[in-house]
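Tertiary structure, described
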Amino acid sequence: MVPLSAYLAVAACLFSIGIVGLFLNRKNVLIILMCIELILLSVNINLAAFSHFLQDISGQIFIFFVLTVAASEVAVGLAILVAYYRNRRSINVDDINTLQG
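Residues numbered from 1 in each chain as written. Predicted model: local features only at pLDDT ≥ 70, side-chain atom pairs only at ≥ 80, totals over all residues. Heavy atoms only, no water.

Take the environment of A48 next. Topologically, A48 is positioned in helix α2 (residues 29–53). With a relative accessible area of 28%, A48 lands in the partly exposed category. Separated by 15 residues in sequence, A48 and I63 have C-alpha atoms that sit 7.5 Å apart. In this view, A48 contacts Q60 and I63; residues no more than four positions away in its chain are not counted. (Helix = DSSP H or I, 4+ residues; strand = E, 2+ residues; numbered from the N terminus. Buried < 20%, exposed > 50% of the residue type's maximum accessible area, 1.4 Å probe, protein only. Contact = heavy atoms within 4.5 Å.)

On to the confidence of the model for the protein chain, then. Taken residue by residue, the protein chain gives an average pLDDT of 88. The fraction at 70 or more is 95%. Confidence, read as mean pLDDT per element, is least for helix α4 (residues 93–96) in the protein chain (70) and greatest for helix α1 (residues 4–24) (95). (pLDDT = per-residue confidence, 0-100.)

Bringing the side chain of E37 into the picture now. Position of E37 relative to the elements: it lies in helix α2. Since its relative accessible area comes to 18%, E37 is described here as buried. Setting aside its immediate chain neighbours within four residues, E37 contacts A70, E73 and V74.

A few words on the environment of A6. Among the structural elements, A6 can be located in helix α1. The spatial distance from the C-alpha of A6 to the C-alpha of A49 is 9.5 Å, given a sequence separation of 43 residues.

Written out as structure tokens, the structure reads:
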């Protein structure tokens, strides 16, 4: 049986990698979106671990709702990103900040 601290350590590592990725790479929007998803998945690991160790199913049910919203968020975000790339031929954050309107 894997202890709770192992799950929390993995989740903390994923969360840290996501935060470091956000701060180190501020140029590419696609990598920023992936870092945000990594942070969200680390939170889901915490929910699953606590749900399992507390013998409560509500945390695991909540994960399905979070993953559903995250999947729709990624679909909309990537669609916007593809449309922006077709118009501007760049997905740099500096170029997106110059949008008006």
